[in-house]
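Summary of the model geometry
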Amino acid sequence: MPDPRSLHIIGGVALGGAERFFIRLVNALHRHGAPVAVVTTAGGEIAAAIDPGIPHYHAPQWSTWDFYSRWKIHRAIRAFKPDIVQTYMGRATRIVHLPRGGRPVHAARLGGYYNLKGYRHAHAWVANTKGIENYLLEAGLPAEQVSHIGNFAGQANPVSPDALTTLREQFRIPANARCLVGIGRLHVNKGWADLLEAFSRLPAELDSRPLWLVMVGDGPLSGSLHAQAEQLGIASRLCWAGWQKHPDPWYQLADILVCASRHEPLGNVILEAWANRALIVSTRSDGPSELIADGVEGLLTPVGDPSAMRENLLKALQLPAPQRQSIIDAGQDKLNLHFSEEAIVRQYLDWYATLLSRLP
């Protein structure tokens, strides 16, 4: 039986967690031979990252009442004839309204605990964590139309020791420094202020090697975080790497990958850290707590508690080599077993087939 035809729709132009997963999933479906097409906003980073062989339509997706985009999307549906139309995030989901009881089935994907007002009109819903799935069920959405399918990380690209040396030189990180690395948008939800405070309480050196904090990302808190680092007296041991389109080298530079989030529905950074064989210290926010068993695939620390984070970072830095390696291996094993490209693509295709089997 042929795989279902799916049309995937997302608004916006810049790359964030949901947008990166959109790109990974549609490109993976295409690689696996499933018939797939996309609707994106023309001229953005998302559109540029879609594989050339995928049928590609455009709609600006300005707002809920953007009738021009609705018309453009319906033209794409008529042209591609999908069985499933999958929308990502609120903008695309609110614009798409399809009749019930036939093809295509409108499936909305949720990667957060969103207000469901703009999602209830969809025909089916898929959450990327069990926590979000439970949230949808508690909100009264029909259980038979709600599912949970995780994300997968892209294939890690190994970086040579010479390239990592060059990276250190470029960003003036000492050659012998042990690096704590945070990757993500500089936003209040990511808990970066807590990480700066925790780092300020660590010794400047450990085992005669300097400790450095590397922040990879940009966002609205950039100015206040720089000021906080100066106030805490750690600016001289802190690297602001800015937004990086290809973050793999930074994961591989990390002695510890730190996820300090106060609110994190999933935590793609954890999957990507596992793919790059990085040791993780994360807060017990929703997504990381679901992904990580404390002390098995990473270390967990309380949310919003710099003192506890400091203790867990110090513990991670002082782990014996065999225990450190065991945790890294366990993370990669979980990734390969539950969050591989093959596993997630198969789950999506099986879910699509199940939705279609329920139609009259």
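Every residue gets a number counted from 1 within its own chain, in the order that chain's sequence is written. Local features in a predicted model are, by the rule used here, given only for residues with pLDDT of at least 70; side-chain atom pairs are given and counted only at 80 or more, and totals for whole chains, interfaces and linings are based on all residues. Hydrogens and water molecules were not included; the side-chain quantities draw on all heavy atoms of the structure.

Moving on to the overall build of the protein chain. From N to C terminus, the protein chain includes 14 helices and 14 strands. Over its C-alpha trace the protein chain gives a radius of gyration of 22 Å, about what one expects of a compact globule, namely 21 Å for 360 residues. Its C-alpha atoms give the protein chain principal-axis dimensions of roughly 70 × 40 × 35 Å. Exposure classes here rest on a 1.4 Å probe applied to the protein chains alone. A residue is buried below 20% of its type maximum, exposed above 50%, and partly exposed in between. A total of 360 residues make up the protein chain; the buried ones form 54% of that total. Working rule for contacts: check all heavy atoms of both residues, and any pair within 4.5 Å makes them a contact. Within the protein chain, contacts between residues separated by at least 24 positions form 62% of all contacts whose residues are at least 6 apart in sequence. Only the protein chains shown count as cover for residues, with accessible areas throughout obtained via the Shrake-Rupley method and a probe of 1.4 Å. Summed over its atoms, the accessible surface of the protein chain is roughly 15,500 Å², and 52% of this surface lies on carbon and sulfur atoms. If the 35 positive side-chain charges of the protein chain are averaged to one point and the 32 negative ones to another, these points end up 8 Å apart. For helices the rule is a DSSP run of H or I covering at least 4 residues; for strands it is a run of E covering at least 2, with both sets numbered from the N terminus onward. As a reference, a globule follows 2.2 Å times the number of residues to the power 0.38, and the radius of gyration itself is taken over C-alpha atoms. Positive: Lys, Arg. Negative: Asp, Glu. His and the chain ends are not part of the count. For charged residues, the charge sits on one atom: NZ in Lys, CZ in Arg, CG in Asp, CD in Glu.

So, about helix H1 (residues 17-31). In a helix, the anticipated span is given by 1.5 Å times the number of residues less one. If you check H1, its first and last C-alpha atoms are 21 Å apart, about what 15 residues at 1.5 Å a residue would give, namely 21 Å. Most of H1 is tucked away: 11 of the 15 residues are buried. When H1 is considered as a whole, its buried residues turn out to be Ala18, Glu19, Phe21, Phe22, Ile23, Arg24, Leu25, Val26, Asn27, Ala28 and Leu29. Directly after H1, the chain includes Gly33, whose backbone phi takes a positive value near 85°.

Before going further, it helps to spend a moment on the pattern of salt bridges. Salt-bridge detection follows one rule: a side-chain nitrogen of Lys or Arg within 4 Å of a carboxyl oxygen of Asp or Glu. All told, the structure shown has 14 salt bridges when counted by the stated rule. Across the pair Arg346 and Asp3 runs a salt bridge, and its minimum N-O distance is 3.7 Å. With Arg346 in helix H14 (residues 341-357) and Asp3 in the segment before strand S1 (6-9), this residue pair connects regions lying 343 residues apart in the sequence. Judged by relative accessible area, which is 40%, Arg346 ranks as partly exposed. Linking Asp194 and Arg262 is a salt bridge whose minimum nitrogen-to-oxygen distance equals 2.7 Å. Linking Asp194 in helix H7 (residues 192-200) with Arg262 in the loop between strand S12 (256-259) and helix H10 (268-275), this pair joins segments that are 68 residues apart in sequence. Residue classification places Asp194 among the buried residues on the basis of a relative accessible area of 6%. Linked through salt bridges whose partners overlap, the residues forming this network are Asp3, Arg346 and Asp350.

Only buried Ala, Val, Leu, Ile, Met, Phe, Trp, Tyr and Cys residues count toward a nonpolar core, and they belong to the same one when joined by side-chain atoms within 4.5 Å. Ranked by size, the top nonpolar core spans 34 residues in total, and within it Ile173, Val181, Trp250 and Trp274 carry the most contacts. Those elements giving two or more residues to this core turn out to be helix H6 (161-170), strand S8 (178-183), strand S10 (209-216), helix H9 (248-253), S12 and H10. Here this core gets six residues from one element, more than from any other, and that element is H10. Not counting chain neighbours up to four residues away, the residues in contact with Trp250 comprise Leu167, Phe171, Ile173, Val181, Ile183, Val214, Val216, Ala241 and Gln244. Ile10, Ile54, Leu349 and Trp351 belong to the second largest nonpolar core, which has 31 residues in total.

Any two of the Phe, Tyr and Trp rings considered here, Trp counted by its six-membered ring, make a pair once their centres fall within 6.5 Å; the pair's planes then place it as stacked at under 30 degrees, edge-to-face at over 60, or tilted in between. In the structure shown here, the tally under the stated rule is 11 aromatic pairs. Ring geometry for Tyr113 against Tyr135: centres 5.4 Å apart, planes inclined by 65°, an arrangement best described as edge-to-face. With Tyr113 in the loop between strand S5 (105-110) and strand S6 (124-127) and Tyr135 in helix H5 (residues 130-138), the pair connects residues that are 22 residues apart, well separated along the chain. Judged by its relative accessible area of 30%, Tyr113 is partly exposed. Here, a charge over a ring means that NZ of Lys or CZ of Arg falls within 6 Å of the ring centre while also lying within 35 degrees of the ring normal. The cationic tip of Arg5 hangs over the ring face of Phe80; the distance from NZ or CZ to the ring centre is 4.2 Å.

Our next topic: a nonpolar patch on the surface. Exposure above 30% relative accessible area and no salt bridge define the residues that can form patches, which grow by joining like charges within 9 Å and nonpolar side chains of Val, Leu, Ile, Met, Phe, Trp and Tyr within 5 Å. Nonpolar side chains collect at one region of the surface, where Trp62, Tyr68 and Trp71 lie side by side and expose about 400 Å² of accessible area between them. As for its placement among the helices and strands, Tyr68 is situated in helix H3 (residues 67-80). By relative accessible area, which is 41% here, Tyr68 ends up partly exposed.

It is worth spelling out the sheet that holds strand S2 (residues 36-40) at this point. Either a parallel or an antiparallel arrangement is found when strands of a sheet pair, and the pairing is made through backbone hydrogen bonds. Think of it this way: DSSP has to see at least two bridges between two strands before they count as a pair. The parallel open sheet is built from seven strands, whose spatial order is S3-S2-S1-S4-S5-S6-S7. Two strands in the sheet have a free side with no partner beyond their single neighbour: strand S3 (56-58) and strand S7 (146-148). Recorded for the sheet is a direction-independent mean angle of 20° between the axes of neighbouring strands. Fitted lines through C-alpha atoms give the axes, limited to the stretch in contact for helices. The angle between two N-to-C directions lies from 0 to 180 degrees. Of the strands in this sheet, S1, S2, S3 and strand S4 (84-88) touch H3, which is tilted by about 160° from S1. Running at roughly 125° to S4, H14 makes contact with S1, S4, S5, S6 and S7 of the sheet.

Turning to the packing of H7 against helix H12 (residues 306-317), a few remarks are in order. Geometrically, a packed helix pair is captured by the angle between its two axes and the distance between the axes. The interhelical angle for the contact between H7 and H12, taken along N-to-C directions, is 60°, at an axis separation of 8 Å. On the basis of the axis angle, H7 is oblique to H12. In the crossing of H7 with H12, the sense of the turn from one axis to the other is right-handed. The residues of H12 that touch H7, namely those facing Asp194, Leu195, Glu197 and Ala198, are Pro306, Met309, Arg310 and Leu313. Of the residues contributing to the contact of H7 with H12, the split by class is five nonpolar, no polar and three charged. By the definition adopted for this analysis, an angle is roughly parallel if under 35 degrees, roughly antiparallel if over 145, roughly perpendicular if from 65 to 115, and oblique otherwise. The hand of a helix crossing depends on one turn: near helix anticlockwise from the far one by less than a right angle means left-handed, and clockwise means right-handed. In this classification, Asp, Glu, Lys and Arg are treated as charged, Ala, Val, Leu, Ile, Met, Phe, Trp, Tyr, Cys and Pro as nonpolar, and every other residue, Gly included, as polar.

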